[in-house]
Amino acid sequence: MQITDVRVRKVAKEGKLKAVVSITIDDEFVVHDIKVIEGEKGLFIAMPSKKSLDGEYRDIAHPINSGTRERIQATILERYEQSLEEEEGAAEEEL
């Protein structure tokens, strides 16, 4: 499995939610609404979820092993950091 595209939409408001991301896997399958969240120990991702009838949130799509989750998270966070650097570079060029 290869993540062939990552699209980052930064969240403008203050808070723990920093971005919402879509990933494409093998140029064939897309997962939308992965959240980049600022936690106590740094950034992490939350897979798309939905509130069930009992009030609990359940992931709609998720990796089935920790190695895959770590690979997806590393790829997303790397792209998120790149988008921040690109934004800073663009802001410096305007000055």
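My aim in this report is to walk through the structure given alongside it, one point at a time. (Residues numbered from 1 in each chain as written. Predicted model: local features only at pLDDT ≥ 70, side-chain atom pairs only at ≥ 80, totals over all residues. Heavy atoms only, no water.)

### Here's the deal with the overall build of the chain
The criterion, for reference: Labels follow the DSSP assignment, with helices taken as runs of H or I lasting at least four residues and strands as runs of E lasting at least two, numbered in each case from the N terminus. Exposure categories follow from relative accessible area, calculated using a 1.4 Å probe and restricted to protein chains: below 20% of the type maximum is buried, above 50% is exposed, and the middle band is partly exposed. Note on contacts: a residue pair is in contact if any heavy atoms of the two residues lie within 4.5 Å. His is not counted, nor are the chain ends; Lys and Arg add positive charge and Asp and Glu add negative charge. Taken as the charge location is NZ of Lys, CZ of Arg, CG of Asp or CD of Glu.
Tallying secondary structure elements over the chain gives 1 helix and 6 strands in all. When the elements of the chain are put in sequence order from the N terminus, they spell out β-β-β-β-β-β-α. Over its C-alpha atoms, taken along the principal directions, the chain stretches across nearly 50 × 30 × 25 Å. The burial tally for the chain puts 24% of its 95 residues in the buried class. Pairs at least 24 apart in sequence give 28% of the contacts found in the chain among residues at least 6 apart. Computed over 14 positive and 21 negative side-chain charges, the inter-centroid distance for the chain is 9 Å.

### A look at the pairing of strand E4 (residues 42-46)
Our working definition: Here the rule is simple: two strands pair whenever DSSP picks up at least two bridges between them.
For strand E3 (residues 29-39) and E4, the ladder comprises 5 bridges, and the chain directions are antiparallel. For Ile37, the partnering residue across the bridge sits in E4 and is Phe44. Joining the antiparallel neighbours E3 and E4 is a turn of 2 residues.

### What about the side chain of Thr68?
Inspection of the secondary structure puts Thr68 in helix H1 (residues 66-94). Among the residues examined, Thr68 registers a relative accessible area of 17% and is labelled buried. Apart from the residues within four sequence positions on either side, Thr68 is in contact with Met1 and Pro63.

### Examining the pattern of salt bridges
Defined as follows: The term salt bridge refers to a side-chain nitrogen of Lys or Arg lying within 4 Å of a carboxyl oxygen of Asp or Glu.
Per the counting criterion, the structure on display carries 6 salt bridges. The shortest N-O distance in the salt bridge between Arg7 and Asp5 comes to 2.7 Å.

### Here's the deal with the sheet that holds E3
Short version of the rule: A fitted line through C-alpha atoms represents every axis, and for helices the fit uses only the stretch in contact; the resulting angles, taken between N-to-C directions, go from 0 to 180 degrees.
Spatial strand order, E1-E2-E3-E4: 4 strands in an open sheet with antiparallel pairing. The strands lining the two open edges of the sheet, one partner per strand, are strand E1 (3-10) and E4. Pairs of neighbouring strands in the sheet enclose a mean axial angle of 25 degrees, with direction left out of account. Examined bridge by bridge, E1 and strand E2 (residues 17-25) share 7 bridges and lie antiparallel to one another. Pairing of Arg7 across the sheet is with Ser22, part of E2.

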